Amino acid sequence: MQDFIRIHNDDNVAVALRPIAVGEELAVGGYLVKTLEEIPQGHKFALCPIAAGGDVIKYGFCIGHAKEDIPAGGWVHVHNLKTGLGELLTYTYEPVASTLQESEHVYFDGYRRADGRIGVRNEIWIIPTVGCVNSIAGALEKKAQKFVGGSVEEIVAFPHPYGCSQMSEDQENTRTILADLINHPNAGGVLVLGLGCENSNIPVLKDYIGEYDEQRVKFLQCQDVEDEQGTAMQLLAELAAYAGTFQREKIDAAELVIGMKCGGSDGLSGITANPTVGAFSDILISKGGTTILTEVPEMFGAETLLMNRCENEELFEKTVHLINDFKNYFTSNNQTIYENPSPGNKKGGISTLEDKSLGCTQKSGSAPVRGVLSYGERVQTRGLNLLSAPGNDLVASTALAASGAHIVLFTTGRGTPFASPVPTVKISSNSRLAGNKSGWIDFNAGRMVEDKTKEELGQELFDYVIAVASGRKVRSEEAGFHDMAIFKKGVTL
């Protein structure tokens, strides 16, 4: 295993890949450095003196400015490093051409729906229109397990606290996300469970759902029937019979849509796990597939790298709005734009938002940006897409599923057990986490600093995703975890 890494030749800091004791002498890219204090794993140390106010360079870019003189061998972190980011910025389109080439197509075993779309699961989803019927949805999920069998893989309820007492954009978010999930092709059947007096009632929601297959989607308004659970079970039996007619078949991986997200990052996330996902993204896109990158606040500080990869100036302008609209969201709520990274990020070695963002955007690989999506908008263009959503793990992962992701790849340096509406692959940045939390982690990218290259791990991850798309369950599925969350914006009445 390596002891440290200097990510880019221009960097004036290196990252410890193991705890480094005081007084160790290290030869790093032409520098001979003696550590002046203990450097925790994932944290940075200076390769040369950095004067107060000077740039701290990592990934070949400035990640902030020194608060004080930092000597060679000194620990570089929040105590002596501050962000260099400002508020709203002016951007110039400076396009960078992609060298990504097409590659041979591969196939997985998935489900072809009646409308031609594909799914990687054949589940029955119970989706409440309002939080008032959450308990009924949960009871139905338990009772309906008797319908699981054959090609019907699971029956899952997705409770949430919304659907009423909301206003304007807040209510729109709820209606849009619920409609997106109802239309998601991983569900072979959907029971939409309403109360009857809520703002987002079934007749209203139907306008958002659009055209639907009456065999695949059933509706029940609980106030309209005497025995809502008995009626619902009859509808679920019909949905199970319909979903059971679908069987897995060979499908081109070009039809896969994969979401990309990170959370609980550490100092190795931008070195191992996120670059592995970036390598995966390039492989899938080279085969005609689609990936979606989200969590806009964690693009701040690295946004120009994405902007300059936009395929045309129209997409560049959309990306500028993607960034600035989120900054305005913060300021309109009297919040600091750069209140990031989190305490867990800092403990893991991430010092500033630039540090975090430059690591986060590694997930995008090298492909050109071909689509920019608003929150709840479904993906239309193959290739790399950017999606407007916050950094919150569950909200952003749900947003990826709502936009059409069949699977979400979630990188982490600290670990998390959560799931999303679609299979959620947990990718660890370090081997310690993969070993300690084997019930959470599906793929160990920490091997990149041990015995694997980024290219090897990218291909391994691609092969693993094909297996998951073909039916292999991820850890959270094995545990029976299924979660969803909607972006809360605005007043609750």
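Remember, it's a predicted structure, so these values are computed and weren't measured experimentally.

Describe the overall build of the protein chain, naming the residues involved and giving the relevant values.
Scanning the protein chain from N- to C-terminus turns up 13 helices and 23 strands. In terms of overall size, the protein chain behaves like a compact globule, its C-alpha atoms giving a radius of gyration of 24 Å where 493 residues would be expected to give roughly 23 Å. Along the three orthogonal principal directions, the C-alpha set of the protein chain runs to about 75 × 45 × 40 Å. Within the protein chain, the fraction of its 493 residues that count as buried is 57%. In the protein chain, the proportion of contacts linking residues at least 24 apart, taken out of those at least 6 apart, comes to 72%. Carbon together with sulfur atoms contributes 49% to the accessible area of the protein chain, which is approximately 19000 Å² in total. Between the centroid of the 44 positive side chains of the protein chain and the centroid of its 62 negative side chains there is a distance of 4 Å.

Got a sec to walk through the sheet that holds strand E19 (residues 369-373)? Specific residues and values, please.
On the basis of which strands lie adjacent, the open sheet formed by seven strands has the order E19-E20-E18-E17-E21-E22-E23 and parallel pairing. Each having just a single partner strand, E19 and strand E23 (443-444) make up the two edges of the open sheet. By the bridge criterion, five bridges tie strand E17 (residues 257-262) to strand E21 (residues 407-412) in an arrangement that is parallel. If you follow Lys261 over to E21, its bridge partner there is Phe410. Contacts from helix H10 (residues 393-402) reach E17, strand E18 (290-293), strand E20 (383-387) and E21 within the one sheet, and its direction differs from that of E17 by about 165 degrees.

Describe the side chain of Asn122, naming the residues involved and giving the relevant values.
Relative to the assigned elements, Asn122 resides in the loop between strand E11 (118-119) and strand E12 (123-128). Among the polar contacts made by the side chain of Asn122, one reaches the side chain of Arg113 at a distance of 2.9 Å. Polar side-chain contacts of Asn122 include one of 2.9 Å to the backbone oxygen of Ser151. Those residues in contact with Asn122, other than ones at most four positions away along the chain, are Tyr111, Arg113, Ser151, Val152, Glu153, Glu154, Asn186, Gly188, Ala243 and Phe246.

Kindly report on the packing of helix H1 (residues 134-143) against helix H4 (residues 228-243), identifying the contributing residues and their values.
Geometrically, a packed helix pair is captured by the angle between its two axes and the distance between the axes. Interhelical geometry of H1 versus H4 gives an angle of 50 degrees and a closest axis separation of 11 Å. Judged by the inter-axis angle, H1 sits oblique to H4. The handedness of the crossing between H1 and H4 comes out as right-handed. Of H4, the residues touching H1 (which contributes Ile136, Ala139, Leu140 and Lys143) are Glu228, Gln229, Ala232, Met233 and Leu236.

Lay out the environment of Ser357 in plain terms, naming residues and giving numbers.
Examined against the element boundaries, Ser357 turns out to sit in helix H9 (residues 353-360). Beyond its immediate sequence surroundings of up to four residues, Ser357 is in contact with Pro297, Glu298, Met299, Phe300 and Ala302.

Give a description of the nonpolar core that names residues and reports values.
Counting residues in hydrophobic clusters, the biggest one holds 89 residues, and the most contacted among them are Leu256, Ile407, Leu409 and Ile427. Broken down by element, the residue count for this core peaks at eight residues, all from helix H12 (residues 454-469). Leave out the neighbours within four places in its chain, and Ile427 touches Ala273, Val277, Leu409, Phe410, Thr411, Thr412, Phe443, Ala445 and Leu461. Counting 23 residues, the second-largest nonpolar core is a separate cluster that includes Ile126, Ala137, Leu220 and Leu236.

Give me the layout of surface pockets: which residues, what numbers.
If you add up the space inside the largest pocket, you get close to 650 Å³. Lining of the largest pocket is provided by 28 residues; of these, Pro275, Thr361, Gln362, Gly365 and Lys454 occupy positions nearest its centre. Only helix H5 (273-286), helix H6 (303-307) and H12 provide two or more residues apiece to the lining of the largest pocket. Per element, the largest residue contribution to the lining of the largest pocket is six residues, and it comes from H5. Taken as a whole, the second largest pocket encloses approximately 440 Å³ of empty space. What lines the second largest pocket is a set of 21 residues, and nearest its centre among them are Arg117, Val257, Val379, Gly404 and His406. Here the lining of the second largest pocket is built from residues that sort into seven nonpolar, nine polar and five charged.

Before we move on, could you go through empty space enclosed by the protein and cite the residues and values that matter?
Under the criterion given, the structure shown has four cavities of 30 Å³ or more. A volume near 60 Å³ is recorded for the largest cavity. Surrounding the largest cavity, 13 residues form its lining, Asp266, Ser269, Gly270, Ile350 and Gly359 being those nearest its centre. With four residues, H9 is the largest single contributor of residues to the lining of the largest cavity. For the lining of the largest cavity, the class distribution of residues is three nonpolar, six polar and four charged.

Here is what the cut-offs are and how they apply
Residues numbered from 1 in each chain as written. Predicted model: local features only at pLDDT ≥ 70, side-chain atom pairs only at ≥ 80, totals over all residues. Heavy atoms only, no water. Helix = DSSP H or I, 4+ residues; strand = E, 2+ residues; numbered from the N terminus. Rg over C-alpha atoms; globule rule 2.2 N^0.38 Å. Buried < 20%, exposed > 50% of the residue type's maximum accessible area, 1.4 Å probe, protein only. Contact = heavy atoms within 4.5 Å. Areas by Shrake-Rupley, 256 points an atom, 1.4 Å probe, with all protein chains shown as cover. Lys, Arg positive; Asp, Glu negative; His and termini not counted. Charge placed at Lys NZ, Arg CZ, Asp CG, Glu CD. Pairing = 2+ DSSP bridges. Axes fitted to C-alpha atoms, helices over the stretch in contact; angles between N-to-C directions. Polar contact = N/O pair within 3.5 Å; in protein donor to acceptor, adjacent residues only side chain to side chain. Parallel < 35°, antiparallel > 145°, perpendicular 65-115°, else oblique. Left-handed = near helix turned anticlockwise from the far one by under 90°. Core = buried A, V, L, I, M, F, W, Y, C linked by side-chain atoms within 4.5 Å. 1 Å grid on protein atoms, 1.4 Å probe; cavity = no way out; pocket = protein on both sides within 12 Å on 5 of 7 lines; lining within 4 Å. Points joined across faces, edges and corners; volume = space filled by probe spheres on them. Nonpolar A, V, L, I, M, F, W, Y, C, P; charged D, E, K, R; others polar.

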